[in-house]
Amino acid sequence: MIIDTHCHLDSSRYDKDIDKVLEGAVTKGVEKFIIPGADPRDLDRAIELSERDDIYFAVGVHPYHIDDWSREIFDKVSHKKCIAIGECGLDYFRLPEDETEKEQNIAEQKDVFRKQIRLAKELKKPLIVHIRDASEDAKKILLEEGADEVGGVLHCYNADRTLLELADHNFYFGIGGVVTFKNARRLVEVLPLIPKDKLLVETDAPYLTPHPHRGERNEPLFTTFVVEKMAKILNLSYDDVSKITTENSLKLFKL
Ligand code: NI
């Protein structure tokens, strides 16, 4: 069994064929799905999808959606299929050009990130953390806020040695389609350094589609390419990687 720990199935890009997408995944052994919170407007759709036994969701405000922050969104956390807080985190990849606006945006991102870590601790749920071009600041905040108390997954495309330290603080690493890219040198180097009991598999579907499907819409079925590539890099079998990452997901998210 494979668990796709990060797929945006609430995206309108699946409106027409969600049943087919899920069926295709299940046929290939991808048997559980976690929908992270990103845009609060999609939350109702995520909750609706979680009526299926194999779908879970998280509630969170992605760094691109900090303007939509409200405490009320988190009322949905009491739902029995809500298993985490996030995506939350820092993204310095897309910042305003104007210096003042840039500083203000970073300050707001940090504030919304800290608030979600505190909520996760209060609600005793693990975190789904989005980090892009902000490893140092994100690590600092996670450690300062004592996020290890709940732990979570680092959903990171630019795998960074800086973040490895967080493996000792109850954080897991979500490995996705980037590992299959021809230019994924950094992630390929870092992957063997991550403790095996801290590895998870994810797609970030509909984004970041793995090779050989780059350019197409991503879907949970494509975790199979990620597992295949991880197995090759780690010198393990496909079944070993599926088994290890599934056990890790079950443990972290208490599925
Ligand atoms: Ni995502």
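Cut-offs and rules
- Residues numbered from 1 in each chain as written.
- Predicted model: local features only at pLDDT ≥ 70, side-chain atom pairs only at ≥ 80, totals over all residues.
- Heavy atoms only, no water.
- Donors = N, O, S within 2.8 Å, 3.2 Å for Na, K, Ca; no water.
- Tetrahedral: all angles 85-135°; square planar, octahedral: opposite > 155°, others 65-115°.
- Helix = DSSP H or I, 4+ residues; strand = E, 2+ residues; numbered from the N terminus.
- Buried < 20%, exposed > 50% of the residue type's maximum accessible area, 1.4 Å probe, protein only.
- Axes fitted to C-alpha atoms, helices over the stretch in contact; angles between N-to-C directions.
- Parallel < 35°, antiparallel > 145°, perpendicular 65-115°, else oblique.
- Left-handed = near helix turned anticlockwise from the far one by under 90°.
- Contact = heavy atoms within 4.5 Å.
- Nonpolar A, V, L, I, M, F, W, Y, C, P; charged D, E, K, R; others polar.

Caption draft 1: Fine view of the coordination of the nickel ion. The nickel ion binds to the protein through His-6 (NE2), His-8 (NE2), Glu-87 (OE) and Asp-204 (OD); the donor distances cover 2.2 to 2.3 Å. Each of the 4 donor atoms bound to the nickel ion contributes to angles spanning 76 to 165°, and the resulting shape is irregular. For the nickel ion, the single-chain donor residues occur in sequence as H-x1-H-x78-E-x116-D. Of this pair, His-6 sits in the loop between β1 (2–4) and α1 (18–27) while Asp-204 sits in the loop between β8 (199–201) and α7 (223–234), and the two are 198 residues apart along the sequence. The pair His-6 / Asp-204 is uniform in exposure class, with both members buried.

Caption draft 2: A look at the packing of α7 against helix α8 (residues 238–253). Contact pair α7 / α8: the axes reach a minimum separation of 8 Å and the direction vectors enclose 110°. Viewed along their axes, α7 and α8 adopt a mutual orientation that is roughly perpendicular. Crossing hand, α7 versus α8: right-handed. Listed contacts from α8 to Thr-224, Val-227, Glu-228, Met-230 and Ala-231 of α7 are Tyr-238, Val-241, Ser-242 and Thr-245. Along the lines of polarity and charge, the residues of the contact of α7 with α8 split into 5 nonpolar, 3 polar and 1 charged.

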